[in-house]
Amino acid sequence: MNGSDFTFETRCLSSLEKVFADEELTHPSFKRATSLQNEVFSFQVAYRFKGEPIKNISVEVQADIQSPVQVRMVGLVPSEYPSFHDHDDQVLRTAPGLYPDPLYPIDEEGMIGYPNQWRSVWFTVPIDKKDQPGVHEIAIVFKNENGDQLAVEQFQLEVIPVELPEQQLIHTEWFHTDCLAVHYDVDVFSEGYWELVDQYVKTAADHGINMILTPLFTPPLDTEVGGERPTVQLIGVEKHGDDYRFSFDKLTRWIEICSNRGIQYFEFSHLFTQWGAYHAPKIVAVIDGQEQSIFGWDTDATGEDYTTFLFQFLPQFVQYIKSHHLEKQVYFHISDEPNTEHLESYMRASALIFTHLAEFPIIDALSDYEFYKKGLVKQPIPATDHIGPFLDNGVQNLWTYYCNAQYKEVSNRFFNFPSVRTRILGLQLYKHDIKGFLHWGYNFWFSQYSRKPVDPFKNTDADISFPSGDAFLVYPGEKGPIESLRLEVFFDALQDVRALKLLEGLIGRDEVIALLENQLEHPITFKQYPCHSEWLLSIREQINRKIADSI
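Residues numbered from 1 in each chain as written. Predicted model: local features only at pLDDT ≥ 70, side-chain atom pairs only at ≥ 80, totals over all residues. Heavy atoms only, no water.

A. Looking closely at the nonpolar core. Core analysis: the biggest nonpolar cluster contains 99 residues, and W254, F272, F309, F313 and F317 have the highest contact counts within it. For this core, the leading source of residues is helix 4 (residues 304–323), giving 9 residues. Ignoring anything within four residues of it in the chain, the contact list for F313 reads L216, F217, I235, F246 and F248. Core analysis: the next-biggest nonpolar cluster, separate from the first, contains 58 residues, L36, F41, I54 and I539 among them. (Core = buried A, V, L, I, M, F, W, Y, C linked by side-chain atoms within 4.5 Å. Buried < 20%, exposed > 50% of the residue type's maximum accessible area, 1.4 Å probe, protein only. Helix = DSSP H or I, 4+ residues; strand = E, 2+ residues; numbered from the N terminus. Contact = heavy atoms within 4.5 Å.)

Now the structure itself:
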């Protein structure tokens, strides 16, 4: 819309673009796409106002889609630490500043048109199996506070009459409930705490996170040696001399909440400390009516005291698992991210755990093949940049992970990475038949080593510890989780895997991989892949068309 003193510009964009307020918009217009039924489709509309600031801008959606289209504005948050100093070239920018990430609900006050700044609105379109096949017109109308039309954009979404199958990949983003308690100032296990757990679990499950980190004891993760995190232990423990009594009431409530929201798998928190398995996690027990810490940094991991505890706890816990019919849904951890200098300590801890848990999958993030070769872990989870030896040796049921250390060549989710570099992981997971993906940060709102809480709206790098985007995918809103565009883009990657699995069932795996790679110079690996939005959008369209043609 043009006026005597202002101009209001808009442009439809794909979900793979990041709109910065301080740079010119060069992304191509994106106005048409396809979607399968039972899929969630996302796109954006960028807007720029030239003139004095204008407030109370509203956005209306007109569409014949069965479910309401969700409309959110893309907010900006600061990044003082966008990347490591020796980053590779596949980044959008390296300067500190404001980066697009949180997806804010648009309240009754509407949006603001900032002078000469591009901003963006995010549209989430859930496609129901009841939505009719064919092209659906989605009209986006911007209005001022008087109801006058500022601009209109049209998006065409063609629904293909095939349902996206259920997700087979196991996906976990570690859930830090102590961060909830601290940020919202609620007591752990109060009703307010359980309500928050339910809200954040729902958001996770809605975005393809189907496994949840379950704190049997306070997770010994990212904790300063000698320090401790707030107690979130689900297992009730009473100590009477050398005997222990256990209660599972809180765990049962946890499992019920998570199961009701769609969580399928439970990974139990690590039974030994991170980076070496040298000590026991913090465990509290009631002794003579008083709760006190009985294990922690001063406890030898395989010493007599902790061994006695585990030999009493684990058989009773196995009985609980079986009585609740959870045998096919549970996974255990020993210690996170050990390396070769920890082989001996990890070996001792592993032997202790295998005594009681040999019938269950035991998974750990570790990248040295020796741990698997020596039989110390059943299901290794190597990092994406160290997965080669595991693939070369044909490790079955292989998982993978990344964290802040995986910032060269491979996929990741940092603020300054192009979204295509986040979403490409879906094709890589499919190509290499990966069964699970792990990441450590769903909502880590502490500084490194959990020394202090941080406000993730102001501090996005765990207090200058990890590049922005590593530590969390959701923000703590007043009424519950605020999602990020990175969470939505990663969910798109998971939906890509599901679409590829669907196509595989129609034409075979070899034909699917040929479709992905027939125009590429190199096969897709975790380090070699196309990093262009247009290519990825095009290949997903080809997948959808091939599905339509094959039914």
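The structure having been displayed, the exposition proceeds.
B. Looking closely at the pattern of salt bridges. The full count for this structure, using the stated rule, is 32 salt bridges. R48 serves as the salt-bridge partner of E24, at 3.0 Å between the closest nitrogen and oxygen. Of this pair, E24 sits in the loop between strand 1 (7–14) and strand 2 (32–37) while R48 sits in strand 3 (residues 39–50), placing them 24 residues apart in sequence. Salt bridges sharing common partners tie together E39, R423, D492, D496 and R540. (Salt bridge = Lys/Arg side-chain N within 4 Å of Asp/Glu carboxyl O.)

C. Region of the structure containing the sheet that holds strand 9 (residues 134–143). The strand order 2-10-9-4-7 describes an open sheet built from 5 strands, whose pairing is mixed. Of all the strands in the sheet, just strand 2 and strand 7 (111–113) have a single pairing partner and so form its edges. On average, each strand axis in the sheet is tilted by 35° relative to the strand beside it, whichever way the strands run. Bridging between strand 4 (residues 54–63) and strand 7 involves 2 bridges; their strand directions are antiparallel. Looking across to strand 7, one finds that I57 is bridged to M111. (Pairing = 2+ DSSP bridges. Axes fitted to C-alpha atoms, helices over the stretch in contact; angles between N-to-C directions.)

D. The packing of helix 4 against helix 5 (residues 343–357), seen in detail. Two elements in contact, helix 4 and helix 5, have axes separated by 9 Å at closest approach and are oriented at 30°. With respect to each other, helix 4 and helix 5 are oriented roughly parallel. In this structure, the crossing between helix 4 and helix 5 has a hand that is right-handed. Across from T307, L310, F311, L314, P315 and V318 in helix 4, the residues of helix 5 making contact are L352, I353, T355, H356 and L357. Its residues assigned to classes, the contact of helix 4 with helix 5 comprises 8 nonpolar, 3 polar and no charged. (Parallel < 35°, antiparallel > 145°, perpendicular 65-115°, else oblique. Left-handed = near helix turned anticlockwise from the far one by under 90°. Nonpolar A, V, L, I, M, F, W, Y, C, P; charged D, E, K, R; others polar.)

E. Structural context of helix 3 (residues 249–260). Given a rise of 1.5 Å per residue, 12 residues ought to cover 16 Å, and the 17 Å separating the end C-alpha atoms of helix 3 matches this to within 8%. Where helix 3 is concerned, the buried positions are L251, W254, I255, I257 and C258. Looking straight down helix 3, one finds that the buried residues subtend no more than 165° of arc, so they occupy a single side. Those residues of helix 3 that are exposed and angled more than 90 degrees off the buried face are D249 and N260. Along its buried surface, helix 3 packs onto helix 1 (177–184), helix 2 (191–206), strand 12 (211–214), strand 15 (265–268) and helix 4. G262 lies just past helix 3 and shows a positive phi near 105°. (Expected span 1.5 Å × (residues − 1). Arc of directions from axis to C-beta.)

F. View of unusual backbone geometry. One non-glycine residue, S450, adopts positive backbone phi at about 55°. Examined against the element boundaries, S450 turns out to sit in the loop between strand 22 (436–439) and strand 23 (474–477). Owing to a relative accessible area of 12%, S450 belongs among the buried residues under this scheme. Positive phi, normally seen in glycine, also occurs at I464, with a value near 55°. By the secondary structure assignment, I464 is in the loop between strand 22 and strand 23.

G. Up close: the packing of aromatic side chains. On inspection of all chains with the given rule, the structure shows 54 aromatic pairs. On the basis of an interplanar angle of 20° and a centroid distance of 6.3 Å, the ring pair of Y244 and F246 is categorised as stacked. Residue Y244 is classed as buried on the basis of its relative accessible area, which comes to 9%. Seen from their ring centres, Y331 and W399 are 5.8 Å apart, and the 50° between their planes marks the pair as tilted. Of the two residues, Y331 sits in strand 18 (residues 330–331) while W399 sits in strand 21 (residues 399–401), which places them 68 residues apart along the sequence. Each member of the pair Y331 and W399 is classed as buried. Sitting above the plane of the F20 ring, R93 keeps its charged end 3.9 Å from the centroid. Cation over ring: R119 sits above Y114, and NZ or CZ is 3.9 Å from the ring centre. (Phe/Tyr/Trp six-rings, centres within 6.5 Å; stacked < 30°, edge-to-face > 60°. Lys NZ or Arg CZ within 6 Å of the ring centre and 35° of its normal.)

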